[in-house]
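# Secondary and tertiary structure notes
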Amino acid sequence: AQTVTQSQPEMSVQEAETVTLSCTYDTSESDYYLFWYKQPPSRQMILVIRQEAYKQQNATENRFSVNFQKAAKSFSLKISDSQLGDAAMYFCALLFSGGGADGLTFGKGTHLIIQP
Amino acid sequence: AAGVIQSPRHLIKEKRETATLKCYPIPRHDTVYWYQQGPGQDPQFLISFYEKMQSDKGSIPDRFSAQQFSDYHSELNMSSLELGDSALYFCASSSTLPRQYFGPGTRLTVL
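Quick caveat, the model's predicted, so the values are computed rather than measured. (Residues numbered from 1 in each chain as written. Chains lettered and ligands numbered in written order. Predicted model: local features only at pLDDT ≥ 70, side-chain atom pairs only at ≥ 80, totals over all residues. Heavy atoms only, no water.)

## With respect to the overall build of chain A
Scanning chain A from terminus to terminus reveals 0 helices and 12 strands. For chain A, the α and β elements follow one another from N to C terminus as β-β-β-β-β-β-β-β-β-β-β-β. Seen through its C-alpha atoms, chain A measures out along the principal axes to roughly 45 × 30 × 20 Å. Here chain A, with 116 residues, has 47% of them falling under the buried criterion. Sequence separation of 24 or more characterises 55% of the internal contacts of chain A that already satisfy a separation of 6 or more. Within the structure as shown, chain A displays about 5600 Å² of accessible surface, and the carbon and sulfur contribution to it stands at 46%. Of the side-chain charges in chain A, 9 are positive and 11 negative, and the distance between the mean point of each set is 2 Å. (Helix = DSSP H or I, 4+ residues; strand = E, 2+ residues; numbered from the N terminus. Buried < 20%, exposed > 50% of the residue type's maximum accessible area, 1.4 Å probe, protein only. Contact = heavy atoms within 4.5 Å. Areas by Shrake-Rupley, 256 points an atom, 1.4 Å probe, with all protein chains shown as cover. Lys, Arg positive; Asp, Glu negative; His and termini not counted. Charge placed at Lys NZ, Arg CZ, Asp CG, Glu CD.)

As structure tokens, this is what we get:
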């Protein structure tokens, strides 16, 4: 079974500052993908960033970057220059890449608050 | 760009009633996934279909069933509804791994 753990139920950061959200996971598979999804008050699930487990280079998307530590099974998200629009629930998710239509396994989420 | 369409967006049912949720994937996407997100919880994977065949099964109750049709749209049928079924139900679609594109969700309220 796969598990995803987000140990920070809530985080708060000042606008324009940097914040890091933590995620650890457990899987017996060697090939998988990791994701961060953002869920604003509209409840829409928005993909923020994706990391392939076979890639050593950390993924980046504009102000968003990850620190992927495969041996430690850690996948943190760094948001630079935080903006008010970044306020949302952030979910870390794991997907086995076995070739089938497997479902995502999500963590419990981190509620990110941006203080103006 | 076309997105995943879910209907209805909101649904109110009484206990023990039946509900049908519909999902229209992005054109040319052959895979559909269903997720359930309870209040204050993370999304839980229910079931997926690839080329109209069931592909993977998660924590879907026996009271629920789903199928994917020849035009690739999918329906989630929920019977003998319980209060605990009140949730946001997401459909997602994909054409190739790994990205799943989520729809806006259907909010089901069971009274």
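Moving on from the model shown.
## Considering the sheet that holds strand 1 (residues 5–7) of chain B
Residues and elements named next belong to chain B. The strand order across the open sheet formed by 4 strands is 1-3-8-7, and the pairing between neighbours is antiparallel. Where the open sheet ends on each side, the last strands, each with one partner, are strand 1 and strand 7 (64–68). Averaged over neighbouring strand pairs, the angle between their axes works out to 15° when direction is ignored. With 3 bridges connecting them, strand 1 and strand 3 (residues 19–24) associate as antiparallel partners. Each bridged residue has a counterpart across the sheet, and for Gln6 the counterpart in strand 3 is Cys23. (Pairing = 2+ DSSP bridges. Axes fitted to C-alpha atoms, helices over the stretch in contact; angles between N-to-C directions.)

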